Amino acid sequence: MQKLLLHPAAKPVVFILCLLPFAWLFYGALANQLGANPAEALIRATGDWTLRFVCIVLAVTPLRTLAGLPALARFRRMLGLFVYFYVLVHLLSYSWFDMGFDVADIAKDIAKRPFILVGFSAFVLLTPLAATSFNAAIKALGARRWQQLHKLVYVIAGLGLLHFFWMRAGKNNFTEVFVYAAIIAVLLGWRVAHFLRKKRL
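Residues numbered from 1 in each chain as written. Predicted model: local features only at pLDDT ≥ 70, side-chain atom pairs only at ≥ 80, totals over all residues. Heavy atoms only, no water.

A. Region of the structure containing the packing of aromatic side chains. Enumeration according to the criterion identifies 17 aromatic pairs in this entry. Note on F53 and Y86: the rings are 5.2 Å apart at their centroids and 15° apart in plane angle, and the pair reads as stacked. Residue F53 is found in helix α3 (residues 38-66), and its partner Y86 is found in helix α4 (residues 76-98); the two are separated by 33 residues along the sequence. Here the two residues F53 and Y86 agree in accessibility, since each one is buried. (Phe/Tyr/Trp six-rings, centres within 6.5 Å; stacked < 30°, edge-to-face > 60°. Helix = DSSP H or I, 4+ residues; strand = E, 2+ residues; numbered from the N terminus. Buried < 20%, exposed > 50% of the residue type's maximum accessible area, 1.4 Å probe, protein only.)

B. Layout of the pattern of salt bridges. Per the stated rule, a full pass over the model turns up three salt bridges. With a shortest N-O distance of 3.2 Å, R44 and E40 are connected by a salt bridge. Separated by four residues within a single helix, R44 and E40 lie in helix α3, roughly one turn from each other. For R44, a relative accessible area of 27% gives the class partly exposed. Take E40: its relative accessible area is 29%, and that puts it in the partly exposed class. Of the charged contacts, one joins D109 and R113 as a salt bridge, the two residues approaching to 2.9 Å between their closest N and O atoms. Using a relative accessible area of 7% as the deciding quantity, one classes D109 as buried. Residue classification places R113 among the partly exposed residues on the basis of a relative accessible area of 31%. (Salt bridge = Lys/Arg side-chain N within 4 Å of Asp/Glu carboxyl O.)

C. Region of interest: helix α9 (residues 152-169). For α9, built from 18 residues, the straight-helix expectation of 26 Å at 1.5 Å per residue is met to within 8% by its first-to-last C-alpha distance of 26 Å. Residues of α9 that are buried: V153, I156, A157, L159, G160, L161, H163, F164, M167 and R168. Against α3, α4, α6 (114-131), α8 (143-150) and α10 (175-200) lie the buried residues of α9. (Expected span 1.5 Å × (residues − 1). Contact = heavy atoms within 4.5 Å.)

D. Layout of α6. Given a rise of 1.5 Å per residue, 18 residues ought to cover 26 Å, and the 26 Å separating the end C-alpha atoms of α6 matches this to within 8%. Among all positions in α6, only I116, V118, G119, A122, F123, L126, L129 and A130 are buried. Tucked inside the fold, the buried residues of α6 contact α4, α5 (103-112), α8 and α9.

E. Structural view of the side chain of T132. In this structure, T132 sits in the loop between α6 and α7 (135-141). On the basis of relative accessible area, T132 is assigned to the buried category, the value being 13%. Side chain to side chain, T132 and H150 meet in a polar contact 2.9 Å long. Aside from chain neighbours lying at most four places away, what touches T132 is A137, I138, L141, W146, L149 and H150. (Polar contact = N/O pair within 3.5 Å; in protein donor to acceptor, adjacent residues only side chain to side chain.)

F. A look at the packing of helix α2 (residues 10-30) against α4. For the pair α2 and α4, interaxial distance at closest approach is 11 Å and the crossing angle is 20°. Comparing their axes, α4 and α2 come out roughly parallel. In this structure, the crossing between α2 and α4 has a hand that is right-handed. Contacts between α2 and α4 involve K11, V14, F15, C18, L19, P21 and F22 from the former and M78, L79, F82, F85, Y86 and V89 from the latter. Considered class by class, the residues forming the contact of α2 with α4 number 12 nonpolar, no polar and one charged. (Axes fitted to C-alpha atoms, helices over the stretch in contact; angles between N-to-C directions. Parallel < 35°, antiparallel > 145°, perpendicular 65-115°, else oblique. Left-handed = near helix turned anticlockwise from the far one by under 90°. Nonpolar A, V, L, I, M, F, W, Y, C, P; charged D, E, K, R; others polar.)

G. Representation of the nonpolar core. Membership of the largest hydrophobic core comes to 40 residues, with the highest contact counts inside it found for F53 and L79. For this core, the elements supplying multiple residues, two or more each, are α2, α3, α4, α6, α9 and α10. Among all residues touching F53, those that are not within four sequence positions of it are C18, L79, F82, V83 and Y86. By size, the runner-up hydrophobic cluster in this structure holds five residues, among which are Y94, M99, I110 and I116. (Core = buried A, V, L, I, M, F, W, Y, C linked by side-chain atoms within 4.5 Å.)

In C-alpha cells:
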C-alpha cells in the first residue's frame, strides 16, 4: 500500500476522485436530474461534501499512524484544498440561487440567521488555511506558526457540524448529524488521547 501511495499516478487519481462529486452535481444540474428543487439540492449536496471532506482530512493523521502509512500525509494538503473548494461552491450556490448575488441581502441573512452566520464563520476561518497551503507560505510563517494556524481546522469542524445541526433542526432530522458528530468526535478524541500518551512518555 505504501508503494501505491508513493506512485506518481497516486495524486492525479486522488484529485480526480475528489472532483467526482462536483462532476456528478454539475452533470445533474445540466441534465435536470437534481429533483424538484435543483437549487436546494445543489446547495445541500455541496455542504454535505464539504463536511465529508473535513472528516477525510481529519482522518489522515490517525490512519497514517494506525496503519503505518506515512505516505498518506502527501495527500493532506490536496484534501484540505478540496474542503475549501466545496465550501466555496456551497457559498456561491447559496449566494446565487437563494440570494441572487445581492450583497446587502446576503449580509442581512448572515446577521439574521444563526446557522448561516456559523457556516459563514467556518468559511472565513477556512480562507487563511487555504491561502497558506503552499510551501512559500509555510516558509514565510515558519513551521510552528503554520501548524498553530492550521489547528483552526478543529474549530472549523465544530462550526460545520453546528451549521449542519441547525440546518437539519428545521426538519427535525438529526440522523446524519449524529453520524458526522460521532465521526468527528472519534477523530478528535484520538488526537487528544495521542497527545496525552506522548506527553506521559
